[in-house]
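# Examination of the molecular architecture
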Amino acid sequence: MDEQQWVKIRDILDGKYTGEIVGIRGWIYRTRSSGSIVFTIIRDVTGVIQATIKKGSLSDEEFENAEKALIESSVKIKGEVVEDPRAPDGYEIRVKKFEVVNFAEPFPIGEDQSPEFLLDQRHLWIRSRKLTSVFKIRSTIVGAIHKFFRNLGFIEFEAPILQPNQCEGGATLFEVKYYDRKTYLSQSWQLYAEAGIFALERIYNMGPTFRAEKSKTSRHLSEFWMAEMEAAWMDLYDVIDIAKDEIRFILEEVLRYHKSDLEYLQQDIEKLKGIADSEFPTITYDEALDILRTKENMEIEWGKDLRTIEENLLMKHFETPVVVTNYPLEIMAFYKPPDPKNPKTALCFDMIAPEGYGEIIGGSQRSLDIEYMRRRLEEAGENIENYEWYFDLRRYGSIPHSGYGLGVERVVAWICNLDNIKDAIPFPRTMNRYRP
Ligand code: ATP
Ligand code: MG
């Protein structure tokens, strides 16, 4: 059978082959037999379809193989496409040829298994319909981010993964032996991006990011993908507008291509459409504290960061993502400048997703003040020498500029309605999990 004769299950379910003889290749998803007939469900990347194998319609050997083949056996089958309301998706294949490519051993994963067991079996569990749907959507989200920035004329620009400096605080650095010295895995692309804008002005990147997160939460990974942008001549409010447009664009792309995946994941499509068509509010940290005080009876001391619990309570009052600006300066990274209108706060923002998915984007205008940054780094116990190259960027043609980073897995978890960020990446890494 040559390559062109293999059709995709989705096309059969869309009615493109009704009444025709087709070939499909895939894996047995479910199977049961009742004497002279075997009902199998076959899956490929595009979906699942019922195949009925009747004794007498094919050789005895093929029939016996069909009876014998366990789930996850790989198969090539050929048969007639029939519309049948009794079949799960309205179509079935009446099989005339059944070839087992590999008889699977008994599959270790059954129903109702614990999350930890499924993580141990991740190399097999990624075949599940749930994760298949998630990774298809993830691919579209990644593609949408590239498209979005390229459409705006941004140039893709790479930073090293092995970096001598911290960007987001020493506590979450992963140290790596570098010949006879030490270096760190990238916590962010940003500091190098700030060098890149002097050549390319508007740049973006999506790359692996490493943070040794010591708290176990359902939204922190040790290795995740961050999509970052940095732009010359832009201020805080310019990049906030871009961030909002980016999220709406991602939603539009997912809604365009993934209705059935979203349904499988029990995501509310109308709700996502509503968000894609909305303006997202921008409030300040002070206004967020006011909402918590007046509507939730929660008193937060000014100067404390918003924790998960506060973010979740705040988001009870919004249906769309919300941008929060002007967090207290002292709890912010060294490169975030004071807001001249309210110098105890920084020219920074977080975008918080609805329904408890937490911060999906963090960004800021960048400080241009070497003395200020030097002081902040010294207070944090950093070796200033490592930052001299970064200060050079303020010495040679310094300009206002801003940027932000979006957590790809946070966005995937939100859009895919996932309970835990671990399911937003094929092989999650956390404090307790680094295999398979
Ligand atoms: P958080 O307060 O949730 O730890 P952060 O303030 O450390 O986030 P940033 O340094 O602003 O995050 O990073 C930009 C984005 O990267 C965040 O908005 C988030 O979407 C994502 N992100 C940060 N840390 C992680 C992590 N450990 N796992 C997954 N995504 C992350
Ligand atoms: Mg963090």
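Up top you'll find the structure we're talking about.
To keep things clear, this report deals only with the structure shown in the data block. (Residues numbered from 1 in each chain as written. Chains lettered and ligands numbered in written order. Predicted model: local features only at pLDDT ≥ 70, side-chain atom pairs only at ≥ 80, totals over all residues. Heavy atoms only, no water.)

### Remarks on the packing of helix α12 (residues 370-379) against helix α13 (residues 388-395)
The condition is simple: Geometry is summarised by axes, namely lines fitted to C-alpha atoms with helices restricted to the contacting stretch, and by angles between N-to-C directions that run from 0 to 180 degrees. Numbered from the N terminus, helices here are DSSP runs of H or I no shorter than four residues, and strands are runs of E no shorter than two. The labels follow the angle: roughly parallel below 35 degrees, roughly antiparallel above 145, roughly perpendicular from 65 to 115, and oblique for the rest. Crossing chirality is assigned from the near helix's rotation relative to the far helix, an anticlockwise turn below a right angle marking it left-handed and a clockwise turn marking it right-handed. Pairs of residues are marked as contacts when any of their non-hydrogen atoms sit within 4.5 Å.
Running from N to C, α12 and α13 cross one another at 160°; their axes reach a closest spacing of 10 Å. Relative to α13, the element α12 is oriented roughly antiparallel. Helix-helix and strand crossings are classified by hand; for α12 and α13 the assignment is right-handed. In contact with Ile370, Met373, Arg374 and Leu377 of α12, α13 contributes Glu388, Tyr390, Phe391, Arg394 and Arg395.

### Concerning the packing of aromatic side chains
Heads up, the rule is: Within 6.5 Å between ring centres, the rings of Phe, Tyr and Trp (the latter by its six-membered ring) count as paired, and their orientation is classed by plane angle as stacked under 30 degrees, edge-to-face over 60, tilted in between. Relative accessibility thresholds used throughout: buried, under 20% of the residue-type maximum; exposed, over 50%; partly exposed, between the two (1.4 Å probe, protein chains only). Each ring is checked for a lysine NZ or an arginine CZ that lies within 6 Å of its centre and within 35 degrees of its normal; such an atom marks a charge sitting over the ring.
All chains considered together, the criterion is met by 14 aromatic pairs. An angle of 75° between the planes, with centres 6.0 Å apart, marks the rings of Phe349 and Tyr404 as edge-to-face. Of this pair, Phe349 sits in strand β16 (residues 348-353) while Tyr404 sits in strand β18 (residues 401-407), and the two are 55 residues apart along the sequence. Taking relative accessible area as the criterion, Phe349 reaches 0% and is therefore assigned buried. Three or more aromatic residues link up through ring pairs in this structure, and these residues are Tyr192, Phe334, Tyr335, Tyr387, Trp389, Tyr390 and Phe391. Positioned over the ring face of Phe103 is Lys68, at 5.0 Å from the centre of the ring.

### A few points about the site of ligand 1
The line we're drawing: Note on terminology: near, applied to a residue and a molecule or strand, indicates that one of the residue's heavy atoms is within 4 Å of it. Side-chain atoms alone can form a polar contact between residues adjacent in sequence; in general such a contact is a pair of N or O atoms within 3.5 Å, and within protein one must be able to donate a hydrogen while the other accepts it. Only the protein chains shown count as cover for residues, and all accessible areas are computed by the Shrake-Rupley method using a 1.4 Å probe. Gly counts as polar in this scheme, as do all residues outside two lists: the nonpolar Ala, Val, Leu, Ile, Met, Phe, Trp, Tyr, Cys and Pro, and the charged Asp, Glu, Lys and Arg.
The local shell around ligand 1 holds 16 residues, among which Arg211, Glu213, His220, Leu221 and Glu359 are the closest. Within the backbone of Leu221, a nitrogen or oxygen atom sits 2.9 Å from a nitrogen atom of ligand 1. Between Glu359 and ligand 1, the recorded distance is 2.7 Å, taken from a side-chain N or O atom to an oxygen atom. Relative to its unbound accessible surface of 590 Å², ligand 1 loses 83% to contact with the protein. Looking at the shell around ligand 1, the elements with two or more residues in it are β11 (223-232), β17 (358-365) and β18. The leading source of residues in the shell around ligand 1 is β17, at 4 residues. Taken together, the residues that form the shell around ligand 1 break down as 6 nonpolar, 4 polar and 6 charged.

### A word on the pattern of salt bridges
Cut-off, in case you're wondering: Salt bridges are defined as contacts in which a side-chain nitrogen from Lys or Arg sits within 4 Å of a carboxyl oxygen from Asp or Glu.
Tallied over the entire structure, the rule returns 34 salt bridges. Connected through salt bridges with shared partners, the residues Glu371, Arg374, Glu388, Asp392 and Arg395 form a single ionic network.

### Comments concerning a negative patch on the surface
Applicable threshold: A patch consists of residues exposed above 30% relative accessible area that lack any salt bridge, with like charges linked at up to 9 Å and nonpolar side chains (Val, Leu, Ile, Met, Phe, Trp, Tyr) linked at up to 5 Å. His is not counted here, nor are the chain ends, while Lys and Arg score as positive and Asp and Glu score as negative. To locate a charge, take NZ of a lysine, CZ of an arginine, CG of an aspartate or CD of a glutamate.
A surface patch of like charges, here negative, comprises Asp60, Glu61, Glu64 and Glu67. By the element assignment, Glu64 lies in helix α2 (residues 60-68). Taking relative accessible area as the criterion, Glu64 reaches 46% and is therefore assigned partly exposed.

### Here's the deal with unusual backbone geometry
For the bond running from Arg435 to Pro436, omega is 0°, close enough to zero to count as cis. With respect to the helices and strands, the residue Pro436 is situated in the segment after α14 (408-415). Phi at Glu72 is positive, roughly 75°, even though this residue is not glycine. As for its placement among the helices and strands, Glu72 is situated in the loop between α2 and β4 (74-83). Not every positive phi belongs to a glycine, and Asp112 is a case in point at roughly 50°. Here Asp112 is to be found in the loop between β5 (91-102) and α3 (115-120).

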